[in-house]
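Residues per chain are reported as follows:
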Amino acid sequence: MRLLLDTHILVWLVAGDPKLPASLAAQLRSSEHTLYLSAVVAWELSIKFHMGKLPSAASLLADFPAVAARLGADVLDISPAHAIRAGALEWAHRDPFDRMLVAQALEEGLRLVTLDGHITGFAQAPILR
């Protein structure tokens, strides 16, 4: 299965945070899945870090491609097709990061790994919880 990680999932996975259910962490570490990290995750981490909301993001931002490599994940850039799809989603949720992740999952045929209730309630999103 091809899995796109939401920002909080990446943070919890790297930190070994108990908020990430052990069964989900095990699935993410399984070699049977291909992991993807979106450039939008790096963008969100950078904004939250520089606003002082996520000081723990410093190590992730220091070398985002290396973090992806350690997880065996591919980095997914944002394309014009992703941007157009994100803007066209019939979804009242306004968070641009969440909208982009959903759009990328839909465009690329990926399952979005998230525990965010704002996203899991969106019927079109292919979610893995």
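Our structure is the block above this text.
Okay, so let's go over this structure. Just so it is clear, the model here is predicted, and its values are computed rather than measured. (Residues numbered from 1 in each chain as written. Predicted model: local features only at pLDDT ≥ 70, side-chain atom pairs only at ≥ 80, totals over all residues. Heavy atoms only, no water.)

### Points about the sheet that holds strand S4 (residues 111-113)
What links the strands of a sheet is backbone hydrogen bonding, and the strands pair in either a parallel or an antiparallel sense. One open sheet accounts for 5 strands, arranged S3-S2-S1-S4-S5; its pairing is parallel. Of all the strands in the sheet, just strand S3 (73-76) and strand S5 (127-128) have a single pairing partner and so form its edges. Sheet topology places strand S1 (residues 2-5) next to strand S2 (residues 34-38); 3 bridges connect them, and they run parallel. Residue pairing across strands places Arg2 opposite Thr34, the latter belonging to S2. (Pairing = 2+ DSSP bridges. Helix = DSSP H or I, 4+ residues; strand = E, 2+ residues; numbered from the N terminus.)

### Re the pattern of salt bridges
Inspection of every chain in the model, using the stated rule, returns 3 salt bridges. Of the charged contacts, one joins Lys19 and Asp17 as a salt bridge, the two residues approaching to 4.0 Å between their closest N and O atoms. Owing to a relative accessible area of 52%, Lys19 belongs among the exposed residues under this scheme. We note a salt bridge from Lys48 to Glu44, for which the minimum N-O separation is 2.9 Å. Of this pair, Lys48 and Glu44 both sit in helix H3 (residues 39-50), separated by 4 residues, roughly a single helical turn. (Salt bridge = Lys/Arg side-chain N within 4 Å of Asp/Glu carboxyl O. Buried < 20%, exposed > 50% of the residue type's maximum accessible area, 1.4 Å probe, protein only.)

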